[in-house]
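Reading the structure
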Amino acid sequence: MTRSAGWFGETGKVGFYHRNKLFGEGFDDEIFDGRPVIGIANSWSQLAPCNVHLRRVAEAVHDGILAAGGVPLEFNTMSLGETLMRPTAMLFRNLMAMEVEETLRANPLDGVVLLSSCDKTTPAMVMGAASADLPAVLVTGGPSLPGRFQGRPMASGTDVWRISEEVRAGRLPESEFRYAERCNSRGNGHCNTMGTASTMASITEAMGLQLPTSASALALDAERFRIATRAGARAVELARAGIPMSTFLTRESFENAVRVNAALGGSTNAVVHLLAMAGRAEVPLSLEDIDRLSRDVPLLADLLPSGRFLMPEFHEAGGVPALVAELGALLHQDLPTVSGMTLREVGAAARRERDDVIRPLADPVQPAGSALAVLRGSLAPDGAVIKQSAASPGLLKHRGRALVFDSIEEYTDRIDDPDIEVDAETVLVLRNSGPRGYPGMPEVGNLALPKRLLQRGITDMVRISDARMSGTSYGTVVLHVAPEAAVGGPLALVRDGDEIELDVPGRRLDLLVGTEELQRRRQEWVPSAPLETRGWTRLYVEHVLQADRGADLDFLVGRSGSAVGRRST
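Below, the structure is looked at part by part. Each residue is numbered by its place in its chain's sequence as written, counting from 1. pLDDT decides what is reported in this predicted model: residues at 70 or higher carry local features, side-chain atom pairs at 80 or more are listed and counted, and totals for whole chains, interfaces and linings draw on all residues regardless. Hydrogens and water are ignored here; the side-chain numbers use all heavy atoms of the structure.

Concerning the side chain of Asn446
Basically, it comes down to this: Only DSSP runs of H or I with at least four residues qualify as helices, and only runs of E with at least two residues qualify as strands; both kinds are numbered from the N terminus onward. Two residues form a contact once any of their heavy atoms are found within 4.5 Å.
Counting through the fold element by element, Asn446 comes out in the loop between β10 (427-430) and α17 (451-454). Apart from residues lying up to four places away in sequence, Asn446 is in contact with Trp161, Arg463, Met469, Ser473 and Val477.

Shown next, in the form of structure tokens:
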């Protein structure tokens, strides 16, 4: 008895309409003979350039479902492209997750293949599907083929930040910067660095939600379409066997995801997405868990922005399966995956080449504990994160005076003022850019350095905010400070000239201001009025959780289940 039979097996006028409308689409009786009906959740959109090739990927999934004896039904979802959406795609991650969940629950589907690419679409798909808990296979869109600029490969995001600073410093003409726009990639796909899209693709593969090498195969490589065809077939097999997504979303698989993220030098955004995904899967996971699980994992993947190479080289080196094999006992190896193999078997079957890209445990890019760190202290009582592997070692212990900005717009207006009081020791503080404050927690935490310092050759400073940053970014950047300023967290009380102490080895972030003075400031603090008062944004602001809890909506945490529900009349 398939779930879809709850629709197509109905008698009377209800069954008539369910069946008749699909006859009208051109289906025949085979859709009603008990074959698994598999949804293809497609986030294709021309408004999300990283996802635009998913039309072709969906065709391959469709073929795989048919070949395995299933019935494919494709539907569109929201598509979250960080490159175009304002104020930030993160504002809509939970909306997309809710749409995916409700679409799966409301329709005659026995399983689903989830097609994502740009970074927020992957966690949104997983969150929604985890709550509905149908059999599911994820297929991410794959990285783009790098372009070339000034004689070398151009890294998505990372090189954009680098050369934009060169323009501001007066070392690169604006005309060259505009020319670089055409060089940044040579086709469809998401960022080819270990940014958030590649990170989320890689860790979901390590969690068992994708087929082997799905994360690293290039977007327009024939291998991408072979993987998609196999994914369609596997979704049929999982639906027949009644194996729900929760089979793969366990505490052990989330621990593997955290450790793989550390070995990859993955995006800080993985933290907020993993916490949200775990909440939907009803798996306990905290910032303390993430810090603890990351501490004994060395950085093995020599990938930008923490290393030298790009995703095509990572795929050539064997991708996630090769990394899993190298990590060995650091992972829970006997977990199931949607491929039908255990993670150990996936690693054993990996084609392992290029140990300059995926380094041996005995010769890592950076030693254990060098990737992600979770900080706490008087400035971040509920936590903050920093990507050590992309920071300047000399700034990981730092004490300096704060220069405070109440918004990213104020920062942009003031930072290049030649009279601004700033030096290399200054700590740049941005607030009101968290989940509620912006709203949506935008990727603005990697603040551009003041022009006057860039011109002196200074390339990094300590920067602190309640915002996020792109996974393609680098620098000594403290992010996700919780509680955020907009809800009255200590970040709201910082003033110009206050001393701040950062101690990454000690996992501390402290505002060196006396308790009585902070109490006086708190009494004077007045929260800002909401920027939006209608629609989704109002619902989001009223219900969003803080970054240390994944920035999901409070009423969406947990599973809804995939029960057929009340029948139509």
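Looking at the pairing of strand β3 (residues 111-116)
The line we're drawing: For the exposure calls, accessible area comes from a 1.4 Å probe over protein chains only, and a residue counts as buried if that area is under 20% of its type's maximum, exposed if over 50%, partly exposed in between. Two strands are counted as paired when DSSP detects at least two bridges linking them.
Burial within β3 is extensive, with six of its six residues counted as buried. Of the two faces of β3, the one carrying Gly111, Val113 and Leu115 and the one carrying Val112, Leu114 and Ser116 are both buried. Of the pairings in the sheet, the one linking strand β1 (residues 37-42) to β3 comprises five bridges and is parallel in character. What sits directly across from Ile38, in β3, is Gly111.

Points about the sheet that holds strand β2 (residues 71-76)
To keep things clear, this is the line we draw: Think of each axis as a best-fit line through the C-alpha atoms, taken over the contacting stretch in the case of a helix, with angles from 0 to 180 degrees between the N-to-C directions.
Strand order across the open sheet formed by four strands is β2-β1-β3-β4, with parallel pairing between neighbours. Looking at strand neighbours, the two that pair on one side only are β2 and β4 (136-140), the edges of this open sheet. When the angles between neighbouring strand axes are averaged without regard to direction, this sheet yields 20°. As paired strands, β3 and β4 are joined by five bridges and run parallel to one another. Bridge assignment links Val112 to a residue of β4, and that residue is Ala136. Here helix α3 (residues 54-67) sits on the sheet in contact with β1, β2, β3 and β4, set at roughly 170° to β1.

Description of the pairing of strand β14 (residues 508-511)
With four bridges joining them, strand β13 (residues 499-503) and β14 adopt antiparallel strand pairing. Paired with Leu502 across the strands is Leu509, a residue of β14. In this structure, the hairpin formed by β13 and β14 is closed by a connection of four residues, where Arg507 is found at a positive phi of approximately 60°.

Side note on the environment of Glu421
Structurally, the position occupied by Glu421 is in the loop between α16 (408-414) and β10. When the C-alpha atoms of Glu421 and Asp496 are compared, they prove to be 10.0 Å apart, with 75 residues separating the residues in sequence.

Overview of helix α11 (residues 269-281)
Test applied: By definition here, a helix of n residues has an expected span of 1.5 Å times n minus one.
Compared with an ideal rise of 1.5 Å per residue, which puts 13 residues at 18 Å, α11 spans 18 Å between its outermost C-alpha atoms and is within 8% of the ideal. By the criterion of burial, α11 is predominantly enclosed, with twelve of the 13 residues buried. Among the residues of α11, those classed as buried are Asn269, Ala270, Val271, Val272, His273, Leu274, Leu275, Ala276, Met277, Ala278, Arg280 and Ala281. At the exit of α11 stands Glu282, carrying a positive phi of roughly 60°.

Overview of the side chain of Asp110
Quick reminder of the rule: Working convention for charge: Lys and Arg count positive, Asp and Glu count negative, and His plus the chain ends are omitted. By salt bridge we mean one thing: a side-chain nitrogen of Lys or Arg within 4 Å of a carboxyl oxygen of Asp or Glu. Between N or O atoms, a polar contact is any pair within 3.5 Å; within protein, one atom must be a potential hydrogen donor and the other a potential acceptor, and residues adjacent in sequence are included only when both atoms are from side chains.
Turning to its location among the elements, Asp110 is positioned in the loop between α4 (93-106) and β3. No salt bridge is formed by the buried Asp110; the nearest opposite charge belongs to Arg3, separated by 6.1 Å. Reaching out from Asp110, the side chain makes a polar contact with the backbone nitrogen of Arg3 at a distance of 2.8 Å. A polar contact is formed between the side chain of Asp110 and the backbone nitrogen of Ser4, at a distance of 2.7 Å.

Description of helix α12 (residues 287-294)
The α-helix winds at 3.6 residues per turn, so residues separated by three or four positions along the chain end up facing the same way. Summarising burial for α12: six of the eight residues are buried, a large majority. For α12, the complete set of buried residues consists of Leu287, Asp289, Ile290, Asp291, Leu293 and Ser294. Among the structural elements, α10 (251-264), α11, β7 (372-377) and β8 (380-387) are those in contact with the buried residues of α12.

Points about unusual backbone geometry
Cis geometry is found at the peptide bond from Arg86 to Pro87, where omega equals 0°. One non-glycine residue, His480, lies in the positive phi region at around 60°. By the secondary structure assignment, His480 is in strand β12 (residues 477-482).

Overview of the packing of aromatic side chains
In this description, a pair of aromatic rings is defined by centroid distance and the angle of the planes. Condition: Two rings from Phe, Tyr or Trp (for Trp, the six-membered ring) form a pair when their centres are within 6.5 Å of each other. A pair whose planes differ by under 30 degrees is stacked, one over 60 is edge-to-face, and the rest are tilted. Each ring is checked for a lysine NZ or an arginine CZ that lies within 6 Å of its centre and within 35 degrees of its normal; such an atom marks a charge sitting over the ring.
According to the stated counting rule, one finds six aromatic pairs in the structure shown. Ring geometry for Phe23 versus Phe32: centroids 5.2 Å apart, planes at 85°, classification edge-to-face. Assessed through its relative accessible area of 37%, Phe23 is described here as partly exposed. An aromatic cluster is defined as three or more aromatic residues linked by ring pairs; in this entry it consists of Phe8, Phe23 and Phe32. Over the ring of Trp44 we find Arg55; its NZ or CZ atom is 3.9 Å from the centre of that ring. When the ring centre of Phe309 is taken as reference, the NZ or CZ atom of Arg354 above it lies at 5.2 Å.

Some remarks on the nonpolar core
Nonpolar side chains in soluble globular proteins tend to be buried together. As a reminder of what qualifies: In these notes, a set of buried Ala, Val, Leu, Ile, Met, Phe, Trp, Tyr and Cys residues joined through side-chain atoms within 4.5 Å is what counts as a nonpolar core.
By size, the foremost hydrophobic cluster in this structure holds 121 residues, and its most contacted members are Leu104, Leu114, Leu115, Met245, Phe254 and Leu274. With residues near it in sequence (within four places) discarded, Met245 still touches Leu114, Val126, Ala129, Ala130, Asp133, Leu134, Pro135, Ala136 and Leu209. The next biggest cluster of nonpolar side chains, apart from the first, holds 29 residues, and it includes Val404, Ala492, Leu493 and Leu511.

A few points about the pattern of salt bridges
Counted according to the given criterion, the structure contains 45 salt bridges. Glu223 is the salt-bridge partner of Arg226, the closest N and O atoms lying 2.9 Å from each other. Taken as a pair, Arg226 and Glu223 lie in helix α9 (residues 222-241) at a separation of three residues, close to a single helical turn. Arg226 gets classed as partly exposed once you look at its relative accessible area, which sits at 43%. With relative accessibility at 17%, the residue Glu223 sits in the buried group.

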